[in-house]
Amino acid sequence: MAKLLALSVCFCFLVLGASSISFRQQPEENACQFQRLNAQRPDNRLESEGGYIETWNPNNQEFECAGVALSRLVLRRNALRRPFYSNAPQEIFIQQGRGYFGLIFPGCPSTYEEPAQQGRRHQSQRAPRRFEGEDQSQQQQQDSHQKVRRFDEGDLIAVPTGVALWMYNDHDTDVVAVSLTDTNNNDNQLDQFPRRFNLAGNHEQEFLRYQQQSRRRSLPYSPYSPQSQPRQEEREFSPRGQHSRRERAGQEQENEGGNIFSGFTPEFLAQAFQVDDRQILQNLRGENESDEQGAIVTVRGGLRILSPDRKRRQQYERPDEEEEYDEDEYEYDEEERQQDRRRGRGSRGRGNGIEETICTASVKKNIGRNRSPDIYNPQAGSLKTANDLNLLILRWLGLSAEYGNLYRNALFVPHYNTNAHSIIYALRGRAHVQVVDSNGNRVYDEELQEGHVLVVPQNFAVAGKSQSDNFEYVAFKTDSRPSIANLAGENSIIDNLPEEVVANSYGLPREQARQLKNNNPFKFFVPPSQQSLGAVA
């Protein structure tokens, strides 16, 4: 009996632990009470040597309701986004460009390594791999690190809380990456502000301005407080590059920027890293930084990336599908499928989540323009989704995303998310979007333009009609497996109601109730021809 009781208690803890993986904190009271929704655009820019970062104000009511923050990163040629980690999980969508990125999972081994030099680590017997862009004669036996991955346009990258991230652009085309930070996620046990813990440099955090703004509002008024001074946030747009460090000297010391090592004394760092070179310690603490460098630096001559030989990659890259290449999927297809057969897992692969550890987890999936959308109508558009069924790490983050492409005058039907907020970022083109709340009020009825963001709260109904040849968008969802309920079309809520219920609910004859249920044969996208059958009075 005692053993049975102990087993029951353990099972309860297991169930509770599993159910809390994607648990989200509740927003503040009345945070989701809207009379009107507004499409948001970035209102702050931090200039750097190799690009810039734009941010949306997380203090806006729409973002506070959803518990998220947004930023947009632009990397120019040979630009490196210096490593940082955050207090909440992120989803990053690559809107444009290609390059490399790395995620440093604490405790995981270095799987990319060069033979070490004598006196540091044991000599490896394997032939050294080549640095990307490096000749055979230039190879140096010196490096080991965690996996380096490629990103392409259309990729969705999942970044867990506290995992360090860096990104690099090795092409002429600028990289544009849109990042959502889920501050309401249970992994974030700090306040609701997104925080970037920089591992290098001496630059301002991208969301620090809004944190200062909120702090000033909460302080009592004083003529000697920063509240009485002209506020930078009153300007509509304020690139950091226009204000020198000297102009900010009057602010609190904690607001001057700095990386995580800046606060440690040189003595602590010297012993921790076993180095006594003064310049190394000064650079580690960000003491030799110029104002222009910022979070994004330009790598002179390009970054040397330790990666598999290009010829080896070309053995499994298909030239006509280079944009859809996913190295994580390749590794599983070619190496793990044989192991699956030996273990008896068959074709279902990594279904139960036990085989995939965090050190070997896939962290990206391409949901952009590709040849295998989840929903497709040749006259209306396409939709591709990333959730915890096809990118397992999203179950840990409690997030998901979808990419949509809507053709001119095509419509996506009124629908709502039963268990998630939807944060829609317009990638290209424009669309007329309508959003309706629980009282039947149209809280948004405007054109959503390229570069703008619209937050659609949970259970609010939304529909959109493209006003351009292609309206492309990415919608971040605050659940790893969001459920969508369509209000019109095949297999919608109305379609699944009995005719008698429809007829009596809307006061319609049976024939008209049948038309309401059955006239639209489409599930999600409605072609333009179906919208112009007649004028609506």
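Being a predicted model, the structure only gives us computed values, none of them experimental.

Asker: In this structure, what is going on with the nonpolar core? I would like to understand it.
Answerer: Generally speaking, a soluble globular protein has its nonpolar side chains buried in company with each other. Formed by 48 residues in total, the largest nonpolar core has its most connected members in Leu70, Met167, Ile423 and Phe476. Per-domain counts for this core show at least three residues from each of domain 1 (36-111 + 142-215 + 259-307) and domain 2 (367-526). Membership of the second largest hydrophobic core comes to 28 residues, among which are Ala380, Ile424, Leu454 and Val462.

Asker: Please explain the state of the cysteines as it appears in this structure.
Answerer: Two cysteines form a disulfide when their sulfur atoms are joined by a covalent bond. On inspection of all chains with the given rule, the structure shows 2 disulfides. Two residues share a disulfide in this structure: Cys32 and Cys65, whose sulfurs sit 2.0 Å from each other. Where Cys32 bonds to Cys65 through sulfur, the torsion about that S-S bond is close to 100°, and the disulfide is right-handed. Here Cys65 lies in helix H2 (residues 61-66) and Cys32 lies in the loop between helix H1 (2-19) and strand E1 (44-48), a separation of 33 residues in the sequence. Cys32 gets classed as partly exposed once you look at its relative accessible area, which sits at 26%.

Asker: Sorry, what's going on with the environment of Asn405 here?
Answerer: Topologically, Asn405 is positioned in strand E20 (residues 400-407). By relative accessible area, Asn405 is classed as buried at 9%. Sequence separation between Asn405 and Gly429 is 24 residues, and the spatial gap between their C-alpha atoms is 9.8 Å. In contact with Asn405, not counting residues within four places along its chain, are Ala380, Gly381, Ser382, Asn470, Phe471, Glu472 and Tyr473.

Asker: I keep staring at the packing of helix H9 (residues 499-506) against helix H10 (residues 510-518) and nothing clicks. Help me out?
Answerer: In the contact formed by H9 and H10, the axes pass within 9 Å of each other and the chain directions differ by 110°. Classed by the angle they form, the pair H9 and H10 counts as roughly perpendicular. Residues Glu499, Glu500, Val502, Ala503 and Tyr506 of H9 form the contact with H10, whose own contacting residues are Arg510, Ala513, Arg514, Leu516 and Lys517. Tallied by class, residues from the contact of H9 with H10 come to 5 nonpolar, no polar and 5 charged.

Asker: Would you mind showing me how to read the pattern of salt bridges here?
Answerer: A side chain with one charge may pair with a side chain of the opposite charge, provided their charged atoms come close. Here the structure, examined in full by the defined rule, presents 28 salt bridges. With a closest N to O distance of 3.9 Å, Lys364 and Asp155 form a salt bridge. One end of the pair, Lys364, is in strand E17 (residues 364-366); the other, Asp155, is in strand E11 (residues 155-159), with 209 residues separating them in the sequence. Each member of the pair, Lys364 together with Asp155, is buried.

Asker: What is the right way to look at the pairing of E1 in this model?
Answerer: Remember that side chains alternate between the two faces of the sheet whenever the strand is regular. Of the two faces of E1, only the one carrying Asn44, Leu46 and Ser48 is buried; Arg45 and Glu47 on the other face are not. Looking at chain direction, E1 and strand E2 (residues 51-55) are connected through 5 bridges and run antiparallel. From the neighbouring strand, Glu47 faces E2, where its bridge partner is Tyr52. The turn linking E1 back onto E2 is made up of 2 residues.

Asker: In this structure, what is going on with the sheet that holds strand E13 (residues 175-182)? I would like to understand it.
Answerer: Whenever strands of a sheet pair, they do so through backbone hydrogen bonds, lying parallel or antiparallel. Overall, antiparallel pairing links the 7 strands, which are arranged E1-E2-E3-E13-E5-E11-E17 in an open sheet. Where the open sheet ends on each side, the last strands, each with one partner, are E1 and E17. The mean inter-strand angle of the sheet, taken between neighbouring strand axes irrespective of direction, is 20°. Here 5 bridges tie E2 to strand E3 (residues 68-75), and the two strands are oriented antiparallel to one another. The partner of Glu54 across the bridge, within E3, is Arg72.

Asker: I'm lost on the packing of aromatic side chains in this one. Help?
Answerer: What describes a pair of aromatic rings is the distance from one ring centre to the other and the angle between the planes of the rings. Applying the stated criterion across every chain yields a total of 11 aromatic pairs. Ring centres of Phe207 and Tyr210 lie 6.3 Å apart, and the angle between their planes is 45°; on these two criteria the pair is classed as tilted. Phe207 gets classed as buried once you look at its relative accessible area, which sits at 2%. Ring pairs connect the aromatic residues Phe412, Phe471, Tyr473, Phe524 and Phe525, which therefore count as one cluster. The side chain of Arg150 reaches across the aromatic face of Tyr100, ending 4.2 Å from its centre.

Procedures and definitions
Residues numbered from 1 in each chain as written. Predicted model: local features only at pLDDT ≥ 70, side-chain atom pairs only at ≥ 80, totals over all residues. Heavy atoms only, no water. Core = buried A, V, L, I, M, F, W, Y, C linked by side-chain atoms within 4.5 Å. Buried < 20%, exposed > 50% of the residue type's maximum accessible area, 1.4 Å probe, protein only. Domains from an automatic or database assignment. Disulfide = S-S within 2.5 Å. Helix = DSSP H or I, 4+ residues; strand = E, 2+ residues; numbered from the N terminus. Contact = heavy atoms within 4.5 Å. Axes fitted to C-alpha atoms, helices over the stretch in contact; angles between N-to-C directions. Parallel < 35°, antiparallel > 145°, perpendicular 65-115°, else oblique. Nonpolar A, V, L, I, M, F, W, Y, C, P; charged D, E, K, R; others polar. Salt bridge = Lys/Arg side-chain N within 4 Å of Asp/Glu carboxyl O. Pairing = 2+ DSSP bridges. Phe/Tyr/Trp six-rings, centres within 6.5 Å; stacked < 30°, edge-to-face > 60°. Lys NZ or Arg CZ within 6 Å of the ring centre and 35° of its normal.

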